[in-house]
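Spelled out, the chains give:
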Amino acid sequence: MYVYLTSGTPEFMESIQQKHSNENMILLYGADKTVLLHESEKKSVFATPKSYEIVHQVGQLEQNGFYALNYIPVKEESHLVFEDNFLKVIEKLKEEPGFNSYRLLRPRPFQDEAYISLTVWNGPHSFEAWKASPTYKETFEHPKKNINGVDTGNIFVSHPYVKTYTTTKLEEEEE
């Protein structure tokens with residue numbers, strides 16, 4: 001199973017989603033751009049998508065919720081170590097209040113692209129509560145340098161970063 005991402009103006013992304021209404025596509029509105037996410041077992045309908053293979057998933061992606069995409073730049077030679085250790089850590093997410101679904105996405109091809117840890121929450125408050133939790137702090141703010149005998153301190157290309165999106169237009173939320 002794969003996830004494809006493309007971005008553009010809200011109107012253009014909405015028109016693509018409507019044109020391909022039989023496909024599993026989620027429209028995500030961010031502060032600086034609109035993203036269309038296509039989850040499929042086959043090739044994407046997008047002309048030039050960013051392509052990802054689903055490594056692990058929990059739940060279904062739906063056209064509602066608060067989406068957090070954590071971009072994690074991992075060295076190509078370290079991807080197996082990263083995946084193995086990340087999957088052990090991420091199991092704790094299922095217990096978090098407000099958590100809906102999850103995808104760990106491996107970039108395709110793996111050329112200097114970041115993994116994406118995609119989480120879906122009931123709303124921004126659920127996401128922020130998780131970020132304030134002891135589990136999050138232990139896992140992401142103070143990660144172990146040595147997990148299962150492997151030095152994880154040197155597997156990342158750069159620092160991860162998060163982009164958040166809603167499934168409703170931002171101006172609709174403010175009204």
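As a reminder, the structure under discussion sits directly above these lines.
These figures come from a predicted structure and were not determined experimentally.

Here the focus is the overall build of the protein chain. The helix and strand inventory of the protein chain stands at five helices and 10 strands. When burial is assessed residue by residue, the protein chain has 44% of its 175 residues classed as buried. Taken as a whole, the protein chain presents about 9,800 Å² of accessible surface, with 49% of it coming from carbon and sulfur.

Okay, the nonpolar core next. Of all hydrophobic cores here, the largest spans 19 residues; its most connected members are Phe82, Phe86, Leu93, Tyr102, Tyr115 and Trp121. Looking at this core, the elements with two or more residues in it are strand 5 (66–73), helix 2 (79–90), strand 6 (99–108), strand 7 (114–121) and helix 3 (124–131). One finds Val35, Tyr71, Leu118 and Val120 within the second-largest nonpolar core, a separate group that totals 18 residues.

Along helix 3, the positions that sit buried rather than exposed are Ser126, Phe127 and Trp130. Buried residues of helix 3, seen end-on, are gathered within an arc of 100° and therefore sit on one face of the element.

Note that Ser133 resides in the loop between helix 3 and helix 4 (134–141). Exposure remark for Ser133: the relative accessible area of 9% places this residue in the buried category.

In this section: the pairing of strand 1 (residues 2–8). Sheet analysis places strand 1 next to strand 3 (residues 34–40), joined by seven bridges and oriented antiparallel. Bridging across to strand 3, Val3 finds its partner in Glu39. With four bridges joining them, strand 1 and strand 4 (residues 50–58) adopt antiparallel strand pairing. Bridging across to strand 4, Leu5 finds its partner in Lys50.

The subject of this paragraph is the packing of aromatic side chains. For the coordinates displayed, the defined rule picks out nine aromatic pairs. The interplanar angle of 45° and the centroid separation of 6.2 Å between the aromatic rings of Phe127 and Trp130 together place this pair among those described as tilted. You can see Phe127 and its partner Trp130 sitting in helix 3, three residues apart, about one turn around the helix. Joined through ring pairs, the aromatic side chains of Phe66, Phe99, Trp121, Phe127 and Trp130 make up one cluster.

A complete count under the given rule lists three cavities of 30 Å³ or more for this structure. Considered as a void within the structure, the largest cavity measures approximately 90 Å³ in volume. Forming the walls of the largest cavity are 14 residues, and the residues nearest its centre are Asn70, Phe127, Trp130, Tyr136 and Val162. Counting only elements with at least two residues in the lining of the largest cavity, the list comes to strand 5, helix 2, strand 7, helix 3 and helix 4. Of the residues in the lining of the largest cavity, the class split is 10 nonpolar, three polar and one charged.

On to helix 1 (residues 10–19), then. All of the buried residues along helix 1 are Met13, Glu14 and Ile16. The buried residues of helix 1 occupy an angular sector of 160° when the element is viewed end-on, so they sit on one face. The exposed residues of helix 1 that point more than 90 degrees off its buried face are Glu11, Gln18 and Lys19. Check the buried side of helix 1 and you find it contacts strand 1, strand 2 (25–29) and strand 3.

Of note, Ser44 is situated in the loop between strand 3 and strand 4. Among the polar contacts listed, one links the side chain of Ser44 to the side chain of His38, at a separation of 3.2 Å. Sequence-distant contacts of Ser44, that is, excluding residues within four places in its chain, are made with Tyr4, His38 and Pro49.

Secondary-structure assignment places Thr48 in the loop between strand 3 and strand 4. Residue classification places Thr48 among the exposed residues on the basis of a relative accessible area of 68%. Here the alpha-carbon distance between Thr48 and Ser7, two residues 41 residues apart in the chain, equals 9.9 Å.

What counts, and where the lines are drawn
- Residues numbered from 1 in each chain as written.
- Predicted model: local features only at pLDDT ≥ 70, side-chain atom pairs only at ≥ 80, totals over all residues.
- Heavy atoms only, no water.
- Helix = DSSP H or I, 4+ residues; strand = E, 2+ residues; numbered from the N terminus.
- Buried < 20%, exposed > 50% of the residue type's maximum accessible area, 1.4 Å probe, protein only.
- Areas by Shrake-Rupley, 256 points an atom, 1.4 Å probe, with all protein chains shown as cover.
- Core = buried A, V, L, I, M, F, W, Y, C linked by side-chain atoms within 4.5 Å.
- Arc of directions from axis to C-beta.
- Pairing = 2+ DSSP bridges.
- Phe/Tyr/Trp six-rings, centres within 6.5 Å; stacked < 30°, edge-to-face > 60°.
- 1 Å grid on protein atoms, 1.4 Å probe; cavity = no way out; pocket = protein on both sides within 12 Å on 5 of 7 lines; lining within 4 Å.
- Points joined across faces, edges and corners; volume = space filled by probe spheres on them.
- Nonpolar A, V, L, I, M, F, W, Y, C, P; charged D, E, K, R; others polar.
- Contact = heavy atoms within 4.5 Å.
- Polar contact = N/O pair within 3.5 Å; in protein donor to acceptor, adjacent residues only side chain to side chain.

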